[in-house]
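Topology and contacts: notes
Residue-level listing of the chains:
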Protein chains: 2
Amino acid sequence: MPSKHNAFIPAPRILLGPGPSDVPPRVLQAMATPLVGHLDPSFLSLMNAVQDGLRGLFRTDNQMTLAISGTGSAGMETCIVNLIEPGDSMLVCVNGVFGKRMTDVAERAGAEVHVLERPWGEVFSIEEIEEALAKHKPKAMGIVHAETSTGAWQPVEQLGALCREHDTLLVLDTVTSLGGVPVEIDEWDVDAVYSGTQKCLSCPPGLAPVSFSSRAMHAITNRQRKVQSWYLDINMLANYWGTERAYHHTAPITMNYALYESLRTIFEEGLEARWARHDLNHRALKAGIHALGMRYTAAEGHQLPTLNAVSIPDGVDDAAVRMTLLEDFGIEIGGGLGAFKGKAWRIGLMGHSSRKSNVFLVLSALEQVLRKQGHTVEPGAAVAAASNVYDS
Amino acid sequence: MPSKHNAFIPAPRILLGPGPSDVPPRVLQAMATPLVGHLDPSFLSLMNAVQDGLRGLFRTDNQMTLAISGTGSAGMETCIVNLIEPGDSMLVCVNGVFGKRMTDVAERAGAEVHVLERPWGEVFSIEEIEEALAKHKPKAMGIVHAETSTGAWQPVEQLGALCREHDTLLVLDTVTSLGGVPVEIDEWDVDAVYSGTQKCLSCPPGLAPVSFSSRAMHAITNRQRKVQSWYLDINMLANYWGTERAYHHTAPITMNYALYESLRTIFEEGLEARWARHDLNHRALKAGIHALGMRYTAAEGHQLPTLNAVSIPDGVDDAAVRMTLLEDFGIEIGGGLGAFKGKAWRIGLMGHSSRKSNVFLVLSALEQVLRKQGHTVEPGAAVAAASNVYDS
C-alpha cells in the first residue's frame, strides 16, 4: 500500500445532495483536536453538554437523550430493537425508502409488521393512520417525518396523542428534518426518535442522536428478553451516558467533538432562525426550479425545505446532468432511489449548505446544463425568480 | 445551551491507557479535510484503498475486508450476528471481559453458547481447546487474541487448522493486537476477525476493521434467515463496498479519511518495524515496572507488548495514583475492569503512544507517585532499567 497511495486530497465539493451536507470550517477544525480518553473528566463533561444540546434540539426533557455511535440507520435500528421483542406487533407507514427500511429492521427484530402504504411522494392522513391503529393495535408505530427518498414532509403533530389513545409507542424518523424544520418531541408526544448528524446539523456522518420518552423507557426496562443488539442496548448505554459512567464501548471521541461544535453553531444561530433560513432558501430554490420548468415530486404543502425532490424533465439524461454538475461545478446533487431511480433529483439545502449563494449557484448551473441537454429554458429566469423571493 | 457552553478545549493528555491511543497530528489533520459525498468517485477510490490497506494489515487476500461503521464492539457483533443463526452452537473462550462480552453477544444472536473458561490473566492451551471442539462440535468458536482487560496474549497460530478439522468457523478478536503484534489471518486460517481503530492503528475510535474468509462468506450467503442486524448485515454491506456501490447507509466519511491516513503511516513505517517497536518499548517498560517492584498479571511469555497489565502494589490507592498521573502529568493509564477492578493498572503502549519518551515519562511519573503513596522505590531505578534495555 505505501508506495501506491498518496495523501487523500479530494476535489472541492459543494454538497447539495441528500447528505452529507457541507460541514462548517469550525466543525472540521474541532475534529483535529487531540483526543482524550472516553472516561476522561473533560470528555464526560462534553457528553453532558452534548446531551443537553440534543435535548434542546429535539425540544425534549427526556433524560434518555444521547448520540448513538453509528450513522442514522443505526439510530433507526436502536429505536426498533429496544422497543420490539419477538412477536410484538408494529405498524409501519411506508411511502419511500426509509419507511420500507423500517419494516426490514422491524422484521429482523422479530416484529409482526403491519404496513400502511401510500404511493411515493405522498403523505399519510390522520384518518388512515387512526384506522390502522384501531385495526392492528400495535405495540409501536413507525413513521418518517421527512422522507429523504421523496422529499415528502409528513404532518406528525397529532400522531403522538393518537398513539397514546391506542396504547401504541410512536417512533419518529427525523433524519432529514432535525435542525432544519420544527421538531417538537415533547409537544408532539413522540416516544422514540432518531436522526443523523450529516444532514441539517452539518456535522459529518458517524453519530445518530436519539431520544426516548419515559413511556418508551418503561417498555425498555421491562423487557422479557435482552435487546438483540449488545452494541445498541439502551439499558447498557444508559449506564455509560448516565451517572454511573460504566464502560460499555469506546465512544467515538472525535465525532462527539464535532457534534458538540455543531450544536454550538446551531444554538448561536437559534433554532427558529435556522428553520426560517431553511424555509427561505427552499422557497427561493423552488421559484427557480419552477422557472426551469420542473416540478416537485411531493404535493404543494408537503414539500420538505431541506430536501427538494424534483422530477427530471423528459428527454434529459439523469447521469449526464449529475456528472456535469459534479465535474464542471463541483456540485453534488442526489439521484433518485428505488421507485424514483432515474426519475428524480434530490437537491439538499441542509444546515451549512442551506445558503443563498448555493441556491443561485445550483440554479445557474442547472440552467446551463439543462440547456445543453436540449431542454428549453429562458436564460436567467431561474436566478431572477429566486431573487424575487429574497427581495420580497 | 449557547450561553453555557464554550468551545471545547481539552486538557493535554498522553494516552497510555487501554485506548484510545494518541493520534498522530497528520491523522488529526486529515479529519479537518472537507467532506465529499459517500458515493463521490473520490470517496469510492478511498474506500478501495482502505480495503487494500486493511488486507495488508490483516495479512489476508479476503475480498470481504472492510471497515464497519461503529467501534470495535460493533465489529465483534458484526462477526457474530452474521455467522450465527438462532440455535447454532458457538464455543467461546473466556478469560477476561472481552471473551465474556462475546458470550453475551452470541446469546443475543440466539446461539447455544458453550463456555471454556480460564482464570483472568491466563491463556488457553491447544489441548483444552481441541477437547472442547470435539465435545461441542460448534459451528463457530470465538477467542480473544489480546485480552484488553488482562494483558494476556493468547497463542492462536494453530487454532485455524484445528477448527477446520472440526468444521468450526474461527472468530478472532484482534482489537488490541492488530498493528502492534503479528496478526496473520490467512496463514492462521482465521474465518472472521475484527478490530478497532483506536488502539495500535492510532486512529480515533469510530470504525471496526473486519475480514471474512471464503468459508465464512459461504456460511453468510447461505443463511436460512436474514442477519438480525440490518446495520451490520455483511450481505448488504458487500453491495456498497463491492463493485455495485449500492447505497446502504451513509458511511462515516471523516472517520474513513482518518483510517486511510493512519494506514499510510503504518505502511510507511512497515509492519515488521512497527511490531519490533512495540516489542522494544514493552521490554523497556517491563524492566522499569519490575524495578518499581511491580509484576505483570499475565505470565511470562504471554504478556502483551501493547497492553501492560500490572498488579497494583499492596497499600497503594488505585484511584489516587491514576488521578495524580492525570492531573500532574497529563498521563492517562487504565484502571482494572471486572475481576481486576482496583487490582490492576493497564498501561497501553499502542501505535503512536508506543514511544521511548512515553516509557521514560510514565516510569518517572509512577516512581514519584508511588513514593508519595509510601511504596518503597529506589530513586531512578525504573528509568535506569528501561535505559538498559534501549542500550543493549
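All of these numbers come straight from a predicted model, not from anything done at the bench.

Of the regular secondary structure elements, chain A holds 13 helices and 13 strands. In terms of overall dimensions, chain A is globule-like: its C-alpha atoms have a radius of gyration of 21 Å, near the 21 Å expected for 392 residues. Dimensions of chain A along its principal axes, counting C-alpha atoms only, are 65 × 55 × 45 Å. Classification of the 392 residues of chain A by burial places 67% in the buried group. In chain A, the proportion of contacts linking residues at least 24 apart, taken out of those at least 6 apart, comes to 72%. Looking at charge distribution, chain A has the averaged site of its 33 positive side-chain charges lying 5 Å from that of its 43 negative ones.

Residue and element names in this part refer to chain B. Inspection of every chain in the model, using the stated rule, returns 45 salt bridges over all chains. Among the ionic pairs, Glu268 bridges to Arg26, the shortest N-O distance being 2.9 Å. In this pair, Glu268 sits in helix α9 (residues 253-269) while Arg26 sits in helix α1 (residues 25-30), placing the two residues 242 residues apart along the sequence. A residue is classified by how much of its surface remains accessible, and Glu268, at 47% relative accessible area, is partly exposed. For Glu300, the salt bridge goes to Lys286, with nearest N and O atoms at 2.8 Å. Placement of Glu300 in the loop between α10 (271-291) and β11 (307-311) and of Lys286 in helix α10 is noted, with a sequence separation of 14 residues between them. For Lys286, a relative accessible area of 12% corresponds to the buried category.

Once that is clear, we can look at the relation of the copies chain B and chain A. For these two chains of identical sequence, chain B goes onto chain A by a turn of 180° and a shift of 0.0 Å along the axis, with RMSD 0.0 Å. In symmetry terms, the pair is related by a two-fold rotation axis.

Next up on the list: the interface of chain B and chain A. Taken together, the contact pairs 73 residues of chain B with 73 residues of chain A. Taken together, the two surfaces of chain B and chain A that pack against each other cover about 6200 Å², and 62% of this comes from carbon and sulfur. On inspection of chain B and its partner chain A, the count reaches six salt bridges. Counting residues per element, the ones that place at least two in the side of chain B that touches chain A are α1, α2 (41-58), α3 (72-83), α4 (97-108) and α9 of chain B. Considering each element in turn, the side of chain B that touches chain A owes the most residues, 10 residues, to α9(B). Classifying every residue of the side of chain B that touches chain A gives 38 nonpolar, 21 polar and 14 charged.

With 12 residues, helix α11 (residues 318-329) of chain B should cover 16 Å at 1.5 Å per step; its first-to-last C-alpha distance of 16 Å lies within 8% of that length. Within α11(B), burial applies to B:Asp318, B:Val321, B:Leu325 and B:Leu326. The buried residues of α11(B) occupy an angular sector of 130° when projected down its axis, which confines them to one face. Turned more than 90 degrees away from the buried face of α11(B), the exposed residues are B:Glu327 and B:Asp328. Contacts from the buried residues of α11(B) go to α2 (41-58) of chain A together with β12 (331-332), β13 (344-348) and α12 (356-372) of chain B. Its side-chain oxygen 3.2 Å from the backbone nitrogen of B:Ala319, B:Asp317 forms the N-cap of α11(B). Where α11(B) terminates, the next one or two residues include B:Gly330, which has phi positive at roughly 70°.

With that out of the way, let us pick up the state of the cysteines. Taken as a whole and judged by the stated rule, the model has zero disulfides over all chains. With no disulfide partner, A:Cys79 has as its closest neighbouring cysteine sulfur the one in A:Cys163, 14 Å distant. By relative accessible area, A:Cys79 is classed as buried at 0%. With no disulfide of its own, B:Cys93 lies 8.6 Å from the sulfur of B:Cys163, the closest cysteine sulfur. Residue classification places B:Cys93 among the buried positions, given a relative accessible area of 1%.

A few words on the pairing of strand β8 (residues 169-173) of chain B. All names here are of chain B. Across the five residues that make up β8, a large majority, five, are buried. Here β8 shows a buried face lined by Leu169, Val171 and Asp173 and a second buried face lined by Leu170 and Leu172. Here five bridges tie strand β5 (residues 140-144) to β8, and the two strands are oriented parallel to one another. When the bridges of β8 are listed, Met141 appears paired with Leu170. Sheet analysis places β8 next to strand β9 (residues 192-194), joined by three bridges and oriented parallel. Of the residues in β9, the one forming a bridge with Asp173 is Tyr194.

Once that is clear, we can look at the packing of aromatic side chains. Taken as a whole and judged by the stated rule, the model has 12 aromatic pairs over all chains. Centre to centre, the rings of A:Phe8 and B:Tyr257 are 5.1 Å apart; their planes meet at 50°, and the pair counts as tilted. With A:Phe8 in the segment before β1 (14-15) and B:Tyr257 in helix α9, this pair bridges two chains. Since its relative accessible area comes to 2%, B:Tyr257 is described here as buried. Chaining the aromatic ring pairs together yields one cluster made of A:Phe8, B:Tyr257 and B:Tyr260. Between the NZ or CZ atom of A:Lys286 and the centre of the ring of A:Tyr296, over which it lies, the distance is 5.9 Å. Over the ring of A:Tyr390 we find A:Lys356, and its NZ or CZ is 5.0 Å from the ring centre.

Below, the discussion takes up the pairing of strand β3 (residues 89-94) of chain B. All names here are of chain B. In terms of burial, β3 is largely enclosed, as six of its six residues are buried. Burial along β3 is two-sided: Ser89, Leu91 and Cys93 facing one way and Met90, Val92 and Val94 facing the other are all buried. By the bridge criterion, six bridges tie β3 to strand β4 (residues 112-117) in an arrangement that is parallel. Along β4, the bridge assignment pairs Val94 with Glu117. With respect to chirality, the unit in which β3 leads through α4 into the neighbouring parallel β4 is right-handed.

A few words on the UniProt feature "modified residue: N6-(pyridoxal phosphate)lysine" (unreviewed entry) in chain A. All names here are of chain A. Annotation from UniProt places "modified residue: N6-(pyridoxal phosphate)lysine" (unreviewed entry) at Lys199. Position of Lys199 among the secondary structure elements: in the loop between β9 (192-194) and β10 (208-212). If sequence neighbours within four positions are ignored, Lys199 has contacts with Pro18, Gly19, Ser21, Thr148, Val175, Thr176, Met350 and Gly351. A polar side-chain atom of Lys199 sits 2.5 Å from the main-chain carbonyl oxygen of Pro18.

Okay, the UniProt feature "domain: Aminotransferase class V" (unreviewed entry) in chain A next. UniProt annotation of "domain: Aminotransferase class V" (unreviewed entry) refers to residues 16-336 of chain A when read in the numbering used here. Secondary structure within residues 16-336 of chain A divides into 41% helix and 14% strand; the distance between the first and last C-alpha atoms comes to 14 Å.

The subject of this paragraph is unusual backbone geometry. The phi angle of most residues is negative, glycine excepted, and most peptide bonds adopt the trans form. Cis geometry is found at the peptide bond from A:Gly19 to A:Pro20, where omega equals 0°. With respect to the element layout, A:Pro20 can be found in the loop between β1 and α1 (25-30). Notably, A:Lys137 is not glycine yet its phi reads approximately 45°, a positive angle. With respect to the helices and strands, A:Lys137 occurs in the loop between α5 (126-136) and β5 (140-144). Of the residues examined, A:Lys137 reaches a relative accessible area of 61% and is grouped as exposed. The backbone phi angle of B:Arg59 is positive, close to 55°, even though this residue is not glycine. Mapped onto the elements of the fold, B:Arg59 is located in the loop between α2 and β2 (64-68).

Rules behind the numbers
Residues numbered from 1 in each chain as written. Chains lettered and ligands numbered in written order. Predicted model: local features only at pLDDT ≥ 70, side-chain atom pairs only at ≥ 80, totals over all residues. Heavy atoms only, no water. Helix = DSSP H or I, 4+ residues; strand = E, 2+ residues; numbered from the N terminus. Rg over C-alpha atoms; globule rule 2.2 N^0.38 Å. Buried < 20%, exposed > 50% of the residue type's maximum accessible area, 1.4 Å probe, protein only. Contact = heavy atoms within 4.5 Å. Lys, Arg positive; Asp, Glu negative; His and termini not counted. Charge placed at Lys NZ, Arg CZ, Asp CG, Glu CD. Salt bridge = Lys/Arg side-chain N within 4 Å of Asp/Glu carboxyl O. Least-squares fit on C-alpha atoms with pLDDT ≥ 70 in both. Buried area = accessible area lost by both parts, 1.4 Å probe. Nonpolar A, V, L, I, M, F, W, Y, C, P; charged D, E, K, R; others polar. Expected span 1.5 Å × (residues − 1). Arc of directions from axis to C-beta. Polar contact = N/O pair within 3.5 Å; in protein donor to acceptor, adjacent residues only side chain to side chain. Disulfide = S-S within 2.5 Å. Pairing = 2+ DSSP bridges. Phe/Tyr/Trp six-rings, centres within 6.5 Å; stacked < 30°, edge-to-face > 60°. Lys NZ or Arg CZ within 6 Å of the ring centre and 35° of its normal. Right-handed = clockwise from strand over helix to strand, strands pointing away. UniProt positions renumbered as here; feature names shortened; annotations may be inferred.

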